[in-house]
Amino acid sequence: MIKLVPLLCFAWLLAACNGSVDSAGADSSVVSAEVLNTAQVGSVIGKPALPVRLLHPRQRVDVGVVTEVDLSLVTDLPETSFRVSISPDSGLSVVTGSLEQTLNSADTLDAMLMSLEVRADYPGKYYINLEVVNSGGATGLDRRALALVVLAGPTEAKALSAEPKTIPEKRVLPAQERVY
Amino acid sequence: MPGANMIFTNLAVKPEGAYWLPCWLSLVKTWLFVISALLLSACGGGGGGDSGGAIISSSSVATSVSSSSTSSFSSSSSNSVYISGSVSYDFVPVRKAQGLDYNATAHKPVRAAKVNLIDEAGAVVATAQTDQQGHYTLTSPRDRQVKVQVEAYSYADAAQRWEIRVEDNTANNALYVLEGELLNSGQSDSMRDLHAGSGWDGNQYSQPRAAAPFAILDTAYRSMQSLLEVDPNLTLPTSIFRWSENNTVAIGDYGDGDIGTSFYNGAAVYVLGQAGVDSDEYDAHVIAHEWGHFVEVQLGGRSDSIGGDHSITDRLDMRVAYSEGFANGFSAYVLADPEYRDTFGLRQARSSGFDVSLKNPAVRGWYSESSIQSIFYHLAEFGAFDAIYSVFSDLRYETIPAFTSIFSFAELLAELDPQAFAELDRLMNQQLIVSRDAYGEAETNNGSTQGALPVYVNLVAGGRAVVCSSQQNGQQNKLGVHAFLATTIFASGQYRLLVENNGERAAETDPDIVVNGAGERWVGLSAQVDAESLDLNMQAGERYAIAVTDYQNHADALTPNYQPACFNVSLTSI
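It should be emphasised that the depicted structure is a prediction, and the values quoted were computed from it without experimental measurement. (Residues numbered from 1 in each chain as written. Chains lettered and ligands numbered in written order. Predicted model: local features only at pLDDT ≥ 70, side-chain atom pairs only at ≥ 80, totals over all residues.)

Glancing now at the confidence of the model for chain B. Residue and element names in this part refer to chain B. Residues at a pLDDT of 70 or more form 87% of chain B, whose mean pLDDT is 88. Per-residue pLDDT stays below 50 along residues 1-75; that stretch engages in 120 contacts with residues further than four places along the chain or on separate chains. Across the interface, the model reports ipTM at 0.82; the global pTM reads 0.86. (pLDDT = per-residue confidence, 0-100. Contact = placed C-beta atoms within 7 Å.)

Here's what the structure looks like:
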């Protein structure tokens with residue numbers, strides 16, 4: 001087992017250099033991540049952005065279980081091509097899937113399907129960051145950063161809060177000070 | 001237009017340059033300042049007035065604060081000494097067509113910020129406010145361990161009253177403060193200069209990102225100047241910004257930092273801070289854009305925007321196009337820079353953006369964010385920012401039944417400032433917008449969208465109208481998704497507004513309704529299939545605006561045989 005770990009790491013690195021991971025040990029009956037509700041936080045009046053978003057931005061997986069997370073994107077831009085660079089947090093092992101993908105929006109508003117098989121060895125919250133670039137030559141804002149939240153383990157099913165409680169405290173930052 | 005050119009001229013000379021003086025010059029200037037102030041004080045001055053400010057005694061405890069943006073102090077006594085100095089932060093500029101340029105980092109003053117002197121017990125022993133150059137002066141007890149603390153809080157509390165705060169939403173919305181060391185105040189006057197560093201070491205943020213809250217504070221302060229110039233009695237509620245280095249692009253709990261994007265939600269402007277992914281503290285246009293939404297809501301008393309994703313190439317719901325276009329135009333004007341930039345990615349080395357001033361964008365019309373931003377930017381640049389301000393601050397802006405759009409803005413501006421309206425008229429023509437009526441009467445630009453015209457369908461009490469919700473331009477907040485109706489009531493009483501699927505679309509629908517009028521708003525957002533109704537107490541002589549939409553997604557919206565969801569809408573007395 002001790003010898004196997006560096007070997008697997010080496011294999012992963014090799015695969016990562018090619019932009020994809022496809023472990024020989026990948027299970028053909030991979031379970032799907034549980035999709036979590038984000039309706040509580042709703043739509044916001046946000047900054048201008050490339051109109052693309054994750055279909056399911058929060059998902060839950062079991063610890064130690066290879067799980068397929070859904071990275072499907074939704075866009076209002078028809079017949080457009082997107083380059084997607086995927087960067088999972090360390091602690092979230094990618095078992096199968098490419099970290100560089102190209103997606104094409106069709107002539108419908110269906111989601112652009114994309115997934116990754118991952119495994120979390122410890123409970124916690126992980127991010128899978130996506131940098132999406134519109135390679136279809138759109139004018140204006142041509143890129144957007146997105147992130148999928150992956151909750152691993154028996155996390156509390158807390159309700160999302162759009163307004164943190166305000167406590168009259170101060171958050172101290174150190175100054176560079178010159179005294180004379 | 002009186003004063004029109006003056007506004008623009010003033011903007012062009014706003015102090016924005018680096019101020020970090022050579023040490024000796026800074027010292028000379030400070031001593032000249034102190035000596036002048038002592039002379040004024042000795043002559044009986046020093047209290048009140050815009051240039052003098054209030055006197056703070058050495059025993060004051062966080063209550064006596066100058067009402068101007070200049071530091072203030074009393075004569076030092078045998079028991080006290082002056083501690084003065086300057087406060088600055090690292091400003092990292094955006095290099096056009098690239099990202100943040102750390103090599104061009106400049107020191108900028110922290111302006112109009114509250115400065116506290118804290119003793120070793122943690123008590124505030126004196127308070128002051130930085131001036132335009134970031135200078136402050138505090139009176140301290142002699143020979144006492146004290147530290148200088150600068151709040152990420154700027155304010156004015158004289159004829160013009162406003163406050164800006166920058167908080168950490170991942171720490172119970174605690175106010176950011178910059179603190180120096182606890183040091184002995186000594187037996188004679190001394191200087192303490194405080195600087196908030198970016199934390200960037202040439203490759204990454206390896207030190208605390210102390211400059212970030214102060215960069216946000218300063219962009220908001222800079223944006224505020226345009227309002228201060230047009231209203232000598234400006235009074236605004238507190239502008240709250242919430243930033244954290246843990247604010248990510250993930251969607252979730254704001255207290256965890258999962259804010260999704262930089263946005264305004266009516267309570268605060270949340271700002272991204274995730275290094276290497278998307279952080280906005282130095283993206284001045286993003287900060288000013290979101291603060292523009294604050295201005296729209298707080299001055300105008302309303303925003304009818306339904307939010308959601310938007311970009312300059314979209315055909316948008318008119319309420320969204322108006323709100324976002326205003327915020328873009330506002331940011332470009334107050335920053336005197338029409339090139340909107342937003343930085344991203346590894347080392348914040350990439351950016352994306354657009355030219356707000358573009359007069360012939362790809363999508364032109366009342367539904368185009370690009371058109372609206374161009375209109376507002378050029379109208380302000382023409383010298384009519386005061387006229388824009390007058391529309392937002394007019395009481396009718398808040399109460400007009402029509403949903404907020406470029407049409408409602410135009411109708412009100414025509415009444416308030418005919419000269420500015422003439423320019424608006426020209427700019428609207430340039431953007432292929434025909435109607436000048438709050439309800440878009442006689443508009444002819446349909447954005448190639450089925451059912452987009454008329455902008456408002458007339459609904460007669462006791463009668464029926466048909467409207468359609470089309471997703472051919474996208475979902476949720478795009479042009480055609482919401483259909484608008486208007487009705488005038490001739491007899492006060494209870495009415496039932498009923499919206500029913502007329503059967504043309506085979507799939508299930510989930511109609512939703514919003515009604516504005518007589519100073520009230522009603523919403524019907526139930527999940528009922530194919531129908532929605534509202535019982536309304538309506539007043540004779542009042543006009544009401546109605547928005548109807550299908551909440552269901554239409555996955556077939558771009559197919560050749562797409563059938564939008566169409567609804568029979570009726571208003572009957574009950």
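Now, onward.
A word on the pairing of strand 7 (residues 161-168) of chain B. Residues and elements named next belong to chain B. With six of eight residues buried, strand 7 is to be regarded as a mostly interior element. Sheet topology places strand 6 (residues 145-157) next to strand 7; five bridges connect them, and they run antiparallel. What sits directly across from Tyr 155, in strand 7, is Glu 163. As consecutive antiparallel partners, strand 6 and strand 7 are separated by three residues. Across four bridges, strand 7 lies against strand 11 (residues 239-243) in parallel orientation. Note on strand 11: the bridge partner recorded for Ile 164 is Ser 239. Strand direction decides the pairing type here: strand 7 and strand 8 (residues 174-179), joined by two bridges, are antiparallel. Across the sheet, residue Asp 168 finds its bridge partner in strand 8, namely Ala 174. Taking the residues between adjacent antiparallel strands as the criterion, strand 7 and strand 8 are bridged by five residues, where Asn 172 takes a positive phi near 55°. (Buried ≥ 20, exposed ≤ 12 C-beta atoms within 10 Å, placed from the backbone. Helix = DSSP H or I, 4+ residues; strand = E, 2+ residues; numbered from the N terminus. Pairing = 2+ DSSP bridges.)

Moving on, we come to the environment of A:Ser93. Residue and element names in this part refer to chain A. Residue placement: Ser 93 occurs in strand 10 (residues 92-98). Assessed through the 17 C-beta atoms surrounding it within 10 Å, Ser 93 is described here as partly exposed. Linking Ser 93 and Val 35, residues 58 residues apart in sequence, is a C-alpha distance of 19 Å. Setting aside residues up to four positions removed in sequence, Ser 93 forms contacts with Val 118 and Arg 119.

Moving on, we come to the sheet that holds strand 21 (residues 493-501) of chain B. All names here are of chain B. Spatially, the four strands line up as an open sheet ordered 19-26-21-24, and their pairing is antiparallel. If you trace the sheet from one side to the other, it starts and ends with strand 19 (464-469) and strand 24 (531-538), each paired once. Strand after strand, the sheet turns through a mean of 20° between neighbouring axes, direction not considered. By the bridge criterion, six bridges tie strand 19 to strand 26 (residues 565-573) in an arrangement that is antiparallel. Bridging from a neighbouring strand, Ser 469 pairs with Ala 565 of strand 26. (Axes fitted to C-alpha atoms, helices over the stretch in contact; angles between N-to-C directions.)

Our next topic: unusual backbone geometry. Residue and element names in this part refer to chain B. Put simply, Leu 453 and Pro 454 share a cis peptide bond, and its omega is -5°. If you check the backbone angles, Asn 173 has positive phi at about 60° while not being a glycine. Along the polypeptide, Asn 173 turns up in the loop between strand 7 and strand 8. In this structure Asn 173 comes out as buried when scored by C-beta crowding, with 22 C-beta atoms within 10 Å. Positive phi, close to 60°, is recorded for Leu 432, a residue that is not glycine.

Bringing the sheet that holds strand 6 (residues 58-61) of chain A into the picture now. Residues and elements named next belong to chain A. Pairing within the open sheet is mixed, and its six strands lie in the order 3-6-14-13-9-11. Of all strands in the sheet, those with a lone pairing partner are strand 3 (34-35) and strand 11 (100-104), marking the two edges. Examined bridge by bridge, strand 13 (residues 124-134) and strand 14 (residues 143-152) share 10 bridges and lie antiparallel to one another. Across the sheet, Val 132 pairs through a bridge with Arg 144, a residue of strand 14.

Turning our attention to the nonpolar core. With 188 residues, the main nonpolar core has A:Val150, B:Ile216, B:Leu379, B:Ile546 and B:Val548 as its most contacted residues. Among the elements that line this core, the one with the most residues is helix 6 (residues 369-393) of chain B, at 13 residues. Counting contributing residues per domain, this core is built from domain 1 (4-282) and domain 2 (450-574) of chain B, each supplying no fewer than three. (Core = buried A, V, L, I, M, F, W, Y, C linked by C-beta atoms within 7 Å. Domains from an automatic or database assignment.)

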